[in-house]
Amino acid sequence: GELEPFNNFPPSDFTIKEERDAFPESMSKIRKDFGQRYPLYIGGQEIITDDTLDSYNPADPSEIIGTVCQAGVAEVDKAVAVAKDAYLDWRNVEPRERAQYLLKAAQYCKDNINDLSAMQVLEVGKQWDQAQGDVAEAIDFLEYYAREMIRLGDPKRMGNSPGEYSQYFYQGKGVAAVIAPWNFPLAISVGMVSAAIVSGCSVVYKPAGISSAVGYGLVEMFKAAGLPDGVFNYTPGRGSVMGDHLVDHPDVSVIAFTGSMEVGLRIQERAAKVHPGQQHCKKVIAEMGGKNGIIIDDDADLDEAVLGVLYAAFGFQGQKCSACSRVIVVDSIYDRFTHRLKEAAESVKLGPAEDPSNYMGPVVDKAACQNVLNYCKIAEEEGKVLVKREAPLEYREKSGCYTPMLIVEGITRDHRIAQEEVFGPVLSVMRAKDFKEAIDIANSTRFALTGAVYSRSPKHLDLATREFRVGNLYLNKPSVGALVERHAFGGFKMSGVGSKAGGPDYLLQFMDPRLVCENT
Ligand code: NAD
């Protein structure tokens, strides 16, 4: 039958008792399986390796989530070979039939949404609602890309010249290497992987080391969907050991990467080099970092703006590519805004994400913690502390990966803290003499991912629409929380190359268009 039009999947409403009560049950349930070994999954086979990596709970590093087998060069070669072989059949499967596998995987996620979200709370320290939002987004990608492939799947007749039948259609490019970040550990992985699969590519998927147990969820969902063996392969591994090898491999046709600018630029450079035996130009899709600003105009609704900035800067500890790391405040409202921001920041609770009354928890791991602490030092040197809060000692004593919640003011555009992506709970306050200067400041980084404006002036909102040059701009709402289709997501400049995830051009990147013209 016909599919219903796409709609975003509604996450649980934790204000409803039954939905709230179901969540801790899922946390206890998945905790019972903690410590298990996660194998690689290549060609439908589980593969055990000697090299393993433990994934731990950032709120309490002594709690081991699981021991994850690590692919090395040999396993990457095997996975690419299997995927290359599977591609030959998979590319000929009808687009509508390929879409059905995504719909089945979406059903698996809907049926297991609490377990999948609970795993994120414990493996990466996402707050309950944010973890649910991530799984809901994964469902959305599956449902949306399934429909997109059906839309694009039928050959299109070109022109109407008599005596000629000319048709335009697409084929999957080949083996796709999908290299994912840990911060939206299910959604971004599922988005890139499902787009490649439904487009007729086969996939070698490398989750981030920190979130490989969440990443194993893809194995389970595609098994449940009955996807043919070899179309999806799970090869977690250390970027430093097998990352370059996967990128350089002559049989990889597409690389879909989401992560930092440094790694994204490295991948683009390496992918341009042709290796012996390589028969195609590699296509790279790279979604990278941001240094996102929110502008507070002199007539902003401060009730909304203060909560919006707080959430965009400190939700999930500021570890979102869309997080607000600069708030740019027009001079005439500066004192009122900063006073209220300080009060709001001082009123929220800090502690583990497992307890939903906590607003902000630990960052994702020990290395991230050290990196954020270094930037806190830089921020305190460059600016003046407006807010600095620590999580209660009882949590820090468990050597959880806690950093302060830090807001500094007096930051100008040439400070490092105004230019470099921290990826943690550090917010710079910048003062602008008027709205126009605020836009100049907002645009003054090499990134162009998200931004937001709080203003009641239609003229200023128009000006921002034209001149605040970022991939996703939000007017009178926070810079975070993009929804598939409604807020198709992605940036430009040093924030990435490629068309928007969850948008109408995304699948085209995984396919080669063909034209067949018959003289009739
Ligand atoms: P990261 O760049 O450190 O790692 C991303 C992935 O690349 C990981 O799987 C990692 O193992 C792998 N990798 C590392 N070295 C590699 C190499 N030499 N070759 C191939 N792969 C390699 O990023 P992260 O810490 O996982 O994620 C945070 C970053 O991601 C932030 O910069 C954030 O802004 C960005 N991000 C961007 C978006 C977006 O849509 N634009 C979304 C989420 C996150």
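Computed from a predicted structure; not experimentally measured.

Draft legend 1. Quick peek at the overall build of the protein chain. For the protein chain, the helix and strand inventory stands at 15 helices and 23 strands. In terms of C-alpha radius of gyration, the protein chain reaches 23 Å, essentially the compact-globule figure of 24 Å for 520 residues. Based on the C-alpha atoms only, the size of the protein chain along its principal axes is roughly 75 × 60 × 50 Å. A buried classification covers 58% of the 520 residues belonging to the protein chain. Nonlocal contacts in the protein chain, meaning residues at least 24 apart in sequence, comprise 77% of its contacts between residues at least 6 apart. The average position of the 56 basic charges and that of the 71 acidic charges among the side chains of the protein chain differ by 3 Å.

Draft legend 2. Quick peek at the state of the cysteines. Inspection of every chain in the model, using the stated rule, returns 0 disulfides. Of the cysteine sulfurs around Cys369, a residue in no disulfide, the closest is that of Cys401, at 5.5 Å. For Cys369, a relative accessible area of 11% corresponds to the buried category.

Draft legend 3. Geometry of the side chain of Lys282. By the secondary structure assignment, Lys282 is in the loop between helix H9 (261-271) and strand S12 (283-287). It is Asp248 that comes nearest to the buried, bridge-free Lys282 among opposite-charge side chains, at 5.5 Å. A polar atom in the side chain of Lys282 sits 2.7 Å from the backbone oxygen of Val247. A polar side-chain atom of Lys282 sits 3.1 Å from the main-chain carbonyl oxygen of Asp248. Sequence-distant contacts of Lys282, that is, excluding residues within four places in its chain, are made with Val247, Asp248, His249, Val252, Ser253, Ile255, Ala271 and His275.

Draft legend 4. Representation of the site of the ligand in the model. Neighbouring the ligand are 27 residues, the closest being Ala180, Lys206, Ser260, Met288 and Glu421. At a separation of 2.6 Å, an oxygen atom of the ligand approaches a polar side-chain atom of Ser260. Contact between the ligand and Glu421: an oxygen atom at 2.5 Å from a side-chain N or O atom of the residue. Starting from 850 Å² of accessible surface for the ligand in isolation, the protein chains cover 87%. With respect to the pocket detection grid, the ligand is positioned in the largest pocket. Every element with two or more residues in the shell around the ligand is listed here: helix H8 (239-248), strand S11 (252-258) and H9.

Draft legend 5. Inspection of the sheet that holds strand S20 (residues 472-475) at higher detail. Sheet architecture is open: 7 strands sit in the order S15-S16-S17-S14-S13-S19-S20, paired in mixed fashion. The sheet is open, and its two borders are formed by strand S15 (384-389) and S20, each paired with just one other strand. The average undirected angle you get between the axes of adjacent strands in this sheet is 15°. Direction of pairing for strand S16 (residues 405-409) relative to strand S17 (residues 426-432): parallel, over a ladder of 3 bridges.

Draft legend 6. Main features of the packing of aromatic side chains. Counting across every chain of the model gives 18 aromatic pairs. An angle of 85° between the planes, with centres 5.7 Å apart, marks the rings of Tyr168 and Tyr170 as edge-to-face. For Tyr168, a relative accessible area of 27% translates into the label partly exposed. Its relative accessible area of 24% is what places Tyr170 among the partly exposed residues. An aromatic cluster is present here, built from Phe6, Phe141, Tyr144, Tyr145, Tyr506 and Phe510 joined pairwise through their rings. Here the guanidinium or amino end of Lys126 rests over the ring plane of Phe316, the centre of that ring lying 4.7 Å away. Positioned above the aromatic ring of Tyr56, the side-chain terminus of Lys366 is 5.0 Å from the ring centre.

Draft legend 7. Region of the structure containing the environment of Pro352. For Pro352, the location among the structural elements is in the loop between helix H11 (334-347) and helix H12 (366-382). Spatially, the C-alpha atom of Pro352 lies 68 Å from that of Asn519, the residues being 167 residues apart in sequence. In this view, Pro352 contacts Ala59, Asn358, Pro362, Tyr395 and Tyr402; residues no more than four positions away in its chain are not counted.

Draft legend 8. Spotlight on the layout of surface pockets. There is about 1,100 Å³ of room inside the largest pocket. For the largest pocket, the lining is made up of 45 residues, of which Pro181, Trp182, Gly259, Ser260 and Val263 are closest to its centre. In terms of residue class, the lining of the largest pocket is made up of 24 nonpolar, 12 polar and 9 charged. The space that makes up the second largest pocket amounts to roughly 780 Å³.

Draft legend 9. Representation of the packing of helix H5 (residues 128-153) against helix H6 (residues 187-198). For the pair H5 and H6, the least separation of the axes is 8 Å and the interaxial angle reads 15°. Our classification of the angle between H5 and H6 gives roughly parallel. H5 and H6 meet at a crossing whose hand is right-handed. Residues Asp134, Glu137, Ala138, Phe141, Leu142, Tyr145, Ala146 and Met149 of H5 pack against Ala187, Val190, Gly191, Ser194, Ala195 and Val198 of H6. Residue composition of the contact of H5 with H6, by class: 10 nonpolar, 2 polar and 2 charged.

Draft legend 10. The arrangement of empty space enclosed by the protein in detail. Tallying each qualifying case throughout the model produces 4 cavities of 30 Å³ or more. By volume, the largest cavity is sized at about 90 Å³. In terms of lining residues, the largest cavity is bounded by 15 residues, among which Gly318, Ala323, Ser325, Glu421 and Phe423 are the most central. Of the residues assigned to the lining of the largest cavity, the class counts are 7 nonpolar, 5 polar and 3 charged. If you trace the second largest cavity, you find 13 residues lining it, with Lys291, Ala442, Phe447, Ala448 and Val470 closest to the centre. Only strand S13 (292-296) and strand S18 (447-448) provide two or more residues apiece to the lining of the second largest cavity. Taken together, the residues that form the lining of the second largest cavity break down as 5 nonpolar, 5 polar and 3 charged.

What counts, and where the lines are drawn
- Residues numbered from 1 in each chain as written.
- Predicted model: local features only at pLDDT ≥ 70, side-chain atom pairs only at ≥ 80, totals over all residues.
- Heavy atoms only, no water.
- Helix = DSSP H or I, 4+ residues; strand = E, 2+ residues; numbered from the N terminus.
- Rg over C-alpha atoms; globule rule 2.2 N^0.38 Å.
- Buried < 20%, exposed > 50% of the residue type's maximum accessible area, 1.4 Å probe, protein only.
- Contact = heavy atoms within 4.5 Å.
- Lys, Arg positive; Asp, Glu negative; His and termini not counted.
- Charge placed at Lys NZ, Arg CZ, Asp CG, Glu CD.
- Disulfide = S-S within 2.5 Å.
- Salt bridge = Lys/Arg side-chain N within 4 Å of Asp/Glu carboxyl O.
- Polar contact = N/O pair within 3.5 Å; in protein donor to acceptor, adjacent residues only side chain to side chain.
- Near = heavy atom within 4 Å.
- Areas by Shrake-Rupley, 256 points an atom, 1.4 Å probe, with all protein chains shown as cover.
- 1 Å grid on protein atoms, 1.4 Å probe; cavity = no way out; pocket = protein on both sides within 12 Å on 5 of 7 lines; lining within 4 Å.
- Sits in = over half its atoms within 2 Å of the grid points.
- Pairing = 2+ DSSP bridges.
- Axes fitted to C-alpha atoms, helices over the stretch in contact; angles between N-to-C directions.
- Phe/Tyr/Trp six-rings, centres within 6.5 Å; stacked < 30°, edge-to-face > 60°.
- Lys NZ or Arg CZ within 6 Å of the ring centre and 35° of its normal.
- Points joined across faces, edges and corners; volume = space filled by probe spheres on them.
- Nonpolar A, V, L, I, M, F, W, Y, C, P; charged D, E, K, R; others polar.
- Parallel < 35°, antiparallel > 145°, perpendicular 65-115°, else oblique.
- Left-handed = near helix turned anticlockwise from the far one by under 90°.

Function-wise, these values are silent; they only describe arrangement.
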